[in-house]
Structure formats: C-alpha cells, structure tokens
Amino acid sequence: ALRCLYVQEDIAQTVTEMLFGAMDELALGDPLDLFTDVGPLIDAQAKAGIADHIAAARAEGRVMKEMTAPVRGTFITPTVISVRGLEDISREVFGPVLHIATFKAGQHGAVVQAVNNSGYGLTFGLHTRIDDRVQSVTDALMVGNTYVNRNQIGAVVGSQPFGGESLSGTGPKAGGPEYLARFTRVPAPDFSGAAATTTEATVQSAIKTAPPPAVAPAPLVLPGPTGESNRLTFVPRAPLLCLGPSLPAARAQAEAIRVLGGQAVEAPGLDPQSLTRLTGFSGALFWGEEELARVYAQALAARKGPILPLIGDLPDAAHALLERHVCIDTTASGGNAQLLAQV
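Structural notes, computed from the coordinates. The structure presented is a predicted model; accordingly, all values stated were derived computationally and were not measured.

### A look at the sheet that holds strand β9 (residues 220-222)
Part 1 of the argument: Taken together, five strands build an open sheet; the order of strands is β6-β7-β15-β10-β9 and the sheet is mixed. Unpaired on one side and paired on the other, β6 (123-126) and β9 mark the two borders of the sheet. Direction aside, neighbouring strands of the sheet carry axes that sit 20° apart on average.
Part 2 of the argument: Where β9 and strand β10 (residues 228-236) come together, three bridges link them in antiparallel fashion. In the strand pairing of β10, L220 is matched with L232.
Part 3 of the argument: The strands touched by helix α4 (residues 131-140) are β6, β7 (145-148) and β15 (321-329); relative to β6, the strand with the most contacts, the crossing angle is about 165°.

### A closer look at the environment of L243
Part 1 of the argument: Mapped onto the elements of the fold, L243 is located in the loop between β11 (240-242) and α6 (247-259).
Part 2 of the argument: Taking C-alpha positions, L243 is 9.8 Å from A195, a pair spaced 48 residues apart along the chain.
Part 3 of the argument: If we skip the residues at most four places from it in the chain, L243 touches Q253, A267, P268, G269, L270, L275, A284, L285, F286, Y296 and L310.

### Considering the packing of aromatic side chains
Part 1 of the argument: For the coordinates displayed, the defined rule picks out three aromatic pairs.
Part 2 of the argument: Ring centres of F286 and Y296 lie 5.0 Å apart, and the angle between their planes is 55°; on these two criteria the pair is classed as tilted. With F286 in the loop between β13 (283-285) and α7 (290-301) and Y296 in helix α7, this pair connects stretches of sequence that are ten residues apart.
Part 3 of the argument: Classification of Y296 by relative accessible area gives buried; the value is 2%.

### Comments concerning the nonpolar core
Part 1 of the argument: By size, the foremost hydrophobic cluster in this structure holds 18 residues, and its most contacted members are V203, L241, L243, L270, L275 and F281.
Part 2 of the argument: The element best represented in this core is α7, accounting for four residues.
Part 3 of the argument: With 14 residues, the next largest nonpolar core counts L222, F234, C242 and I257 among its residues.

### As for the sheet that holds strand β4 (residues 97-103)
The strands making up a sheet associate through backbone hydrogen bonding, with each pair oriented either parallel or antiparallel.
Part 1 of the argument: Here we have four strands laid out as an open sheet, ordered β1-β4-β3-β2, and mixed in their pairing. Only two strands of the sheet have a single partner each, and these edge strands are β1 (4-8) and β2 (63-66). Ignoring strand direction, the axes of neighbouring strands in this sheet form an average angle of 25°.
Part 2 of the argument: Judged from the four bridges that link them, strand β3 (residues 79-82) and β4 form a sheet pairing that is parallel. Following the sheet pairing, S82 is matched in β4 by I100.
Part 3 of the argument: Running at roughly 130° to β2, helix α2 (residues 44-59) makes contact with β2, β3 and β4 of the sheet.

Rules behind the numbers
Residues numbered from 1 in each chain as written. Predicted model: local features only at pLDDT ≥ 70, side-chain atom pairs only at ≥ 80, totals over all residues. Heavy atoms only, no water. Pairing = 2+ DSSP bridges. Helix = DSSP H or I, 4+ residues; strand = E, 2+ residues; numbered from the N terminus. Axes fitted to C-alpha atoms, helices over the stretch in contact; angles between N-to-C directions. Contact = heavy atoms within 4.5 Å. Phe/Tyr/Trp six-rings, centres within 6.5 Å; stacked < 30°, edge-to-face > 60°. Buried < 20%, exposed > 50% of the residue type's maximum accessible area, 1.4 Å probe, protein only. Core = buried A, V, L, I, M, F, W, Y, C linked by side-chain atoms within 4.5 Å.

Put into structure tokens, the structure is as follows:
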C-alpha cells in the first residue's frame, strides 16, 4: 500500500478533495463481508504502534483526514497525515495511513533524491503525461519496481518481476528470469594455495576506485497486455568482496562476478571484523573452511542496514546485478503506438 504521496502544489487541493471523498465511501468491518473495504490490523500491538504515530501527528496539527473505526476489533481508521517529505517518516507504517507531501513544479528531482535517500526501494508510482519526465525519473530511481500511469499493485509473474533494493530486498526478483537460479547450487571449484592477507585500508580504497563492469547486460522487454510496456534493466550492485582465502581463489571469484556484469574487489585473507566497518560493498564470496565462513557470515550479520550475503558457491547473476523493472500504461499518454504497429 502507498505510504507517502507526493503531489505537485498546483493540483494538491483538487487531489486531496477527491481523495477525501473516496475515503468517505470506504466501509470498515469484517473482512469476510464482501462489502468491507478495510479490515482490522493483525493484533493489538500493531494497532497501538500506529495509533501512537497518528496521535503524535494529531498533536502537531498534521492530521488532514480521519474516519471513524468500529469499536470492537483492532481497527485503525484510515487516516491522512501531512508531512514535509519522506524524511518525516522514520519507519514503515503498516496500516491504513497515508502521508502526503507537496512539491513545486520543477522539484521532482528533489523528490527522487528523497526516495533514494530513504533507504527503502521496493515500489514507486508516477503519474505524468510528460515523456521526458518519465525517462528522467525512472533513470534516477533506485527502486525495484516502478509503475507509470497505473496502480502499483498486482505484479504479474513474467511481466512485472517483483522485488526491491537496499532495505526492501535481498535477492533476485520473484517471478523474474534470474529467480530460479537461486534455488540451484553450483559448487565452487577447489583452489589450493596459501592463504593471502589483505588490509582493510587497501580494500576500502579498492571499493572506492572499482572500475565499471566491462559487461553490460542488455535490458529485457517482457510480455504483457496490449497497452502496457514492461522493461527489465540490470544495474551492477556495489562491488562484492572476494575473500579467497587464497589469491587464486579470490581472482576466480572476481572473474565469476565480472563475467556476470558485476563489480568485484579481491580481498583474500581480509580480517573478518573489517566487514563490520567497511562501506560501499554489497556482499562477499568465500570458498574456504566452514568455521571461518561462519565468522565472516556473523560479521556481515552484525552490520546495520541491508542484509549482505556471504556466497559460498559460484555466484548467480542476481548476486552481481540489481534488477529494476518499469511498467508503463502506454494508453494513458493519449495513444498506443503498439496498436499502430499491428495495422
């Protein structure tokens, strides 16, 4: 469900009037009743947390609209709260609460930056008839699924592979071309050789200066209904650390990532505790003893932020690449060129 709605100032009053009118038509009640639009939250604890969030906004005069909830049950009334932007929402609010922010014409770049800075990147919706606006926004977003001029729910397997980035996703997109590979295992080759040693400072410097990948996977045009464009693109993840443990193993790991179109930094013999301090990487490969692998995995788990994997086998494409999908309702811009091509 939508958490934050950014509306251009010029149309904000019209949009909120329509939104509030639609809210007045919602029916709260038993989900078993076909006429119910909004059911209860999962438990009393969930209700209490969101109720506190709404109460704080009400005390600050930021509640724009709220309805009346049933007396019985763990209901939260649908509520609209005014915010300056995503920076005012410190956590995900899993309930019928919508936050609204406004922006001036020409400030859409700042909105995109706010989304990217939020740390979450699952789903984004955009409504505009300006084609170059669609291009500039979708190119800049760090989001797994973007929907243009349509609703942002109901992802279809094979058409809209679903999954996010950063705090909103850790693996391949569900229903995408790289999904099944994660359910298979290709054991890593056995490399002999003495364990090497790499310093934390050397690795941090290499992360910052890692060259762009030589391989650039081509975007995919995915099937969908007439009047809908579905395009999947691949973006290199931040560099993966190749921990060896030997130098030949680290070089083989780096080559395996680069062949897939990703970025790699060779770091054989790196101190496990360095993984708790290093920044700018997206995971690590290690093909050594299980006991040391467990120490590396624990160090990665101790980090704040997104979950980073320790890869003990040959990597798959989703280890090396982020998948970003854009779905566009082409009929909303005044016509559908696909129909013309079929005449």
